[in-house]
Amino acid sequence: MKFSIFSLMRQALGHHARWPAQWRSPEPKAAYDAVIVGGGGHGLGTAYYLAKEHGLRNIAVVEKGWLGGGNTGRNTTIIRSNYLWEESEAIYELSVKLWETLSDELNYNVMYSPRGVMMLAHTVHDIQVFKRHVHANRLAGIDNEWLTPEAAKAFCPPLNISPKLRYPVLGAALQRRGGTARHDAVAWGYARAASALGVDIIENAEVMAVRRDARGAVEGVETTRGMIRTKKVGVVAAGHTSVLMSMADVRMPLESYPLQALVSEPVKPVLPCVVMSNTVHAYISQSDKGELVIGAGTDAYTSYSQTGGLHVSAHTLDAICDLFPTFRRMRMMRNWGGIVDVTPDRSPIIGLTPVPGLYVNCGWGTGGFKATPGSAYVFAATMARGEPHPIAAPFALERFTTGRLIDEAAAAAVAH
Amino acid sequence: MLLITCPYCRMARPESEFHYGGEAHVARPAEPANVSDAEWAAYLYMRANPKGVHAERWRHIHGCGRFFNAVRNTVSDEILATYEAGMSRPDLGDGTKDAR
Ligand SMILES: Cc1cc2nc3c(=O)[nH]c(=O)nc-3n(C[C@H](O)[C@H](O)[C@H](O)COP(=O)(O)OP(=O)(O)OC[C@H]3O[C@@H](n4cnc5c(N)ncnc54)[C@H](O)[C@@H]3O)c2cc1C
Ligand SMILES: [Zn+2]
């Protein structure tokens, strides 16, 4: 079924009771040419590009819960590409370009909304770092501009630029092409398109073990819905990557932390753009439903609890109330946590592993939603060819041995 | 917010008095000059990151200021033991002591 104005009208006549299932739910086959572990945006996107760009159709995605139930469905959906290093600029900009056409590509509205992402500077150090980013990005052909506090307020009227704040707004970096997208729609859109190309999407199947042959190469995965034989496994499991890789005896440079978000009651449009401040720990935008979507920080310690401490979100709300005094009386409706996989240099790990046939795409930490299409695209190419796609190559696991880190942590230490 | 018992101060105090220090018992190579790049990478970057029982370092920054270790379950966040820096990981009889 193709979504169009006509299909909408037809279904409206049937009171929207007759929409078909958007993807098949087959029983797992005994064997596939490749298996992706993890049904988040990155895993489902990988399966889609494997089928579409590389003709691999006898493949499956296995997901322990429901699609997008991991960080994909828990994130604050900030999309931008104004990172510092060339390697990062290449992959995040590829993603932004793919976002721009993704709804057409998938025939599924992912609600990509380039409403502008504004990053606030509160200290002299922030100003220097952000201006450096602006210059680096412009050299790479990526839009990013410096705004005075007054220009920032003109772009985002509810912003408080009073010099009396504990951390006054001294300026901002604005990427106009940045914005947000609808998190679930990304998972569902990729799942639907992949399923239509023949990819089996298997929910409620947790991978419990990775089977290897005498040479050590991958032979299959043991799941709660039975053994699946395959010679190619792509682990795309975000916060659970260390757990999966340890099933193949690979230690990873990852630590898993809870990261929280919360949403307010819905109100009429009040916030026209995305605002983020790493110095005071506040990330905020307004969803199309009207809720303020707020991102908080990570907990101090590694954990798989998928909740996060209340003091962490309270700290963020303090900052939001300072920056947006008009939001002080709003009530928060829900808060939750996701488990994010953080690397030492805050850049992802994409590529081959010491185990033949085992591939990994992880380490997106607090900020990988924006990268979903680009990450999936280059990871699919890497898995299909058995060698890194040029944009993925710098993000190989070996960089921790060679020392060629891509240090976005020291560059910005910005989450989301 | 965790309640953490500092083994030096012998008091349960809120997490906000402490600073997390990552995986415990990661030994720095004794002879740095004779260590391969892979061994350096293992020491500097590779972490167990288990879903379950984890030995980790904490520092009581707003108290005695000293480093110590804790054993914590990373699913429930329950702290199973805290002990002084330099002591070996206690055997809690759950078979996780020698697990990596
Ligand atoms: C609160 C929060 C806010 C965020 N805000 C932003 C933001 O504003 N912008 C941004 O760019 N990024 C943000 N991120 C980060 C972003 O969400 C992630 O980087 C991205 O969504 C990761 O996608 P993924 O598909 O790799 O992982 P996930 O969506 O987590 O998918 C991994 C899947 O693997 C499955 N899995 C795990 N173990 C197994 C197993 N053994 N067997 C089978 N399946 C398994 C999980 O159930 C899960 O569905 C945020 C994250 C959080 C938690
Ligand atoms: Zn103490």
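Keep in mind that what you see is a predicted model, and the values were worked out from it rather than measured.

The rules we used
Position numbers for residues count from 1 along each chain, tracking the sequence in the order it is written. Each chain is given a letter, starting from A, and each ligand a number, starting from 1, according to the order in which they appear as written. Per-residue local features of the predicted model are confined to residues with pLDDT of at least 70, and side-chain atom pairs are confined, for both listing and counting, to 80 or more; whole-chain, interface and lining totals are unaffected and use all residues. The side-chain values count all of the structure's non-hydrogen atoms but skip hydrogen atoms and water molecules. By the criteria applied, helices consist of DSSP H or I runs no shorter than four residues and strands consist of E runs no shorter than two, each listed in order from the N terminus. The globule rule is 2.2 Å times the number of residues to the power 0.38, and the radius of gyration it is compared with is taken over C-alpha atoms. Three exposure classes are used, based on accessible area relative to the maximum for each residue type with a 1.4 Å probe and protein chains only: buried under 20%, partly exposed in between, and exposed over 50%. Residues count as neighbours in contact if any of their non-hydrogen atoms are within 4.5 Å of one another. Note: domain ranges come from an automatic or database domain assignment. Here the buried area means the combined drop in accessible surface, using a 1.4 Å probe, for two parts upon being joined, counting both sides. Here a donor is an N, O or S atom found within 2.8 Å of the metal, or within 3.2 Å if the metal is Na, K or Ca; sites may look incomplete because water is not among the atoms. In these descriptions, tetrahedral denotes four donors with every angle between 85 and 135 degrees, square planar four donors and octahedral six donors with opposite donors over 155 degrees apart and the rest between 65 and 115, and irregular any other case. Ring pairs shown here join Phe, Tyr and Trp side chains whose ring centres sit within 6.5 Å, with only the six-membered ring taken for Trp; geometry is labelled stacked below 30 degrees between planes, edge-to-face above 60, and tilted in between. Here, a charge over a ring is recorded when the distance from Lys NZ or Arg CZ to the ring centre is within 6 Å and its angle to the ring normal is within 35 degrees. For salt bridges, the criterion is a side-chain nitrogen of Lys or Arg within 4 Å of an Asp or Glu carboxyl oxygen. Definition of a polar contact: a pair of N or O atoms within 3.5 Å, with one able to donate and the other able to accept a hydrogen when the atoms are protein atoms, and with sequence-neighbouring residues admitted only if both atoms are side-chain atoms. In this count, Pro and Cys sit with the nonpolar residues alongside Ala, Val, Leu, Ile, Met, Phe, Trp and Tyr, while Asp, Glu, Lys and Arg are called charged and the others, Gly among them, polar.

Enquirer: Tell me about the overall build of chain A, and name the residues and values.
Expert: Across its full length, chain A carries eleven helices and 17 strands. What you see for chain A is a C-alpha radius of gyration of 21 Å, in line with the 22 Å of a compact globule of 416 residues. Considered along the principal axes of its C-alpha atoms, chain A spans approximately 65 × 60 × 40 Å. Residue burial in chain A is summarised as follows: out of 416 residues, 58% are buried. Expressed as a percentage of contacts within chain A between residues at least 6 apart in sequence, the contacts between residues at least 24 apart total 75%.

Enquirer: Summarise the domain arrangement of chain A; cite the residues concerned and give the values.
Expert: Residues and elements named next belong to chain A. Taken as a whole, chain A is organised into domain 1 (5–10 + 25–77 + 183–253 + 345–412) and domain 2 (114–178 + 255–342). For domain 1 versus domain 2, the distance between C-alpha centres works out to 29 Å. Listed as interface residues are 18 residues of domain 1 and, on the opposing side, 21 residues of domain 2. Taking both sides of the interface into account, the surface hidden between domain 1 and domain 2 amounts to around 1,500 Å²; carbon and sulfur atoms contribute 53%.

Enquirer: Got a sec to walk through the coordination of the zinc ion (ligand 2)? Specific residues and values, please.
Expert: All names here are of chain B. Coordination of the zinc ion (ligand 2) by the protein comes from Cys-6 (SG), Cys-9 (SG), His-60 (ND1) and Cys-64 (SG), over a distance range of 2.0 to 2.3 Å. Taken together, the four donor atoms surrounding the zinc ion (ligand 2) define angles of 104 to 119 degrees at the centre, an arrangement classified as tetrahedral. Motif for the zinc ion (ligand 2), donor spacing along one chain: C-x2-C-x50-H-x3-C. Within this pair, whereas Cys-6 is found in strand 1 (residues 3–6), its partner Cys-64 is found in the loop between strand 4 (53–59) and strand 5 (67–73), the two being separated by 58 residues in sequence. Owing to a relative accessible area of 0%, Cys-6 belongs among the buried residues under this scheme. The exposure class assigned to Cys-64 is partly exposed, which follows from its relative accessible area of 32%.

Enquirer: Before we move on, could you go through the packing of aromatic side chains and cite the residues and values that matter?
Expert: All names here are of chain A. This model, assessed by the stated rule, comprises 16 aromatic pairs over all chains. Arranged with centres 6.0 Å apart and planes meeting at 90 degrees, the rings of Tyr-92 and Trp-364 form a pair that is edge-to-face. You can see Tyr-92 sitting in helix 3 (residues 86–106) and its partner Trp-364 sitting in the loop between strand 17 (358–362) and helix 9 (372–385), a full 272 residues away along the chain. A single burial state applies to Tyr-92 and to Trp-364, both of which are buried. Here the aromatic rings of Trp-99 and Tyr-112 are separated by 6.1 Å at their centres, their planes lie at 20 degrees, and the arrangement is stacked. One end of the pair, Trp-99, is in helix 3; the other, Tyr-112, is in the loop between helix 3 and strand 3 (117–121), and 13 residues separate them in sequence. For the pair Trp-99 and Tyr-112, one class covers both residues: buried. In this structure, Arg-166 packs its charged tip against the face of Tyr-167, placed 4.3 Å from the ring centre.

Enquirer: Lay out the interface of chain A and chain B in plain terms, naming residues and giving numbers.
Expert: The interface of chain A with chain B comprises 23 residues on the first partner and 24 residues on the second. For the pair chain A and chain B, the summed buried surface comes to about 2,100 Å²; carbon and sulfur atoms form 53% of the total. Together, A:Arg251, A:Tyr301 and A:Tyr304 form the three largest contributors to the area buried by chain A at its contact with chain B, with a combined 35%. Run the count over chain A and chain B and you get one salt bridge. A salt bridge links B:Glu23 to A:Arg251; the nearest nitrogen and oxygen atoms lie 3.8 Å apart. The tally of links between chain A and chain B comes to twelve residue pairs in polar contact (both at pLDDT 80 or more). At the level of elements, helix 7 (241–246), strand 11 (255–264) and helix 10 (399–402) of chain A are the ones that each hand at least two residues to the side of chain A that touches chain B. A per-element tally of the side of chain A that touches chain B places strand 11 of chain A first, with three residues. The class makeup of the residues in the side of chain A that touches chain B is eleven nonpolar, nine polar and three charged.

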